[in-house]
Amino acid sequence: MERDLVKLVLTIVELLRQLMERQALHRVDEGDLSEEQEERLGLTLMLLHDRMADLCDQYGLTMADLNIDLGPLGSLLPP
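Okay, so let's go over this structure.

1. Observations regarding the pattern of salt bridges
Following the criterion strictly, the structure yields 3 salt bridges and no others. Here glutamate 21 makes a salt bridge to arginine 17, at a shortest N to O gap of 2.9 Å. Remark: arginine 17 and glutamate 21 occur in helix α1 (residues 2–30); sequence separation between them is 4 residues, near one turn of the helix. With relative accessibility at 31%, the residue glutamate 21 sits in the partly exposed group. The class for arginine 17 is buried, based on a relative accessible area of 5%. Residues arginine 40 and glutamate 36 are paired through a salt bridge, measuring 3.2 Å at the closest nitrogen-oxygen approach.

This is the structure in structure tokens:
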């Protein structure tokens, strides 16, 4: 049961991470950020991705395990 709860929490965190990443890319494309802000944002997103991978390893999960199948709606996380 603990593993399922961890999987759910990590899935939600991964979904939020991907949304933040898309928003960051949009802001970069729009030119809303300075070069320093772009660097910090990129580094932060890479560190968050690495931490997510570490947590998955710690609980015996893969990033693919976090992609919950929503039946007719498809997968929760985009490819």
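From this point, the discussion proceeds with the structure in view.
2. Thoughts on the nonpolar core
Val6, Leu10, Met52, Leu55, Cys56, Leu61, Leu66 and Leu77 form the largest nonpolar core, which has 8 residues in total. Counting only elements with at least two residues in this core, the list comes to α1 and α2 (35–58). Per-element accounting of this core gives the leading share, 3 residues, to α2. Contacts of leucine 61, omitting those with residues within four sequence positions, involve Arg3, Val6, Lys7, Leu10, Cys56 and Leu66.

What counts and how
- Residues numbered from 1 in each chain as written.
- Predicted model: local features only at pLDDT ≥ 70, side-chain atom pairs only at ≥ 80, totals over all residues.
- Heavy atoms only, no water.
- Salt bridge = Lys/Arg side-chain N within 4 Å of Asp/Glu carboxyl O.
- Helix = DSSP H or I, 4+ residues; strand = E, 2+ residues; numbered from the N terminus.
- Buried < 20%, exposed > 50% of the residue type's maximum accessible area, 1.4 Å probe, protein only.
- Core = buried A, V, L, I, M, F, W, Y, C linked by side-chain atoms within 4.5 Å.
- Contact = heavy atoms within 4.5 Å.

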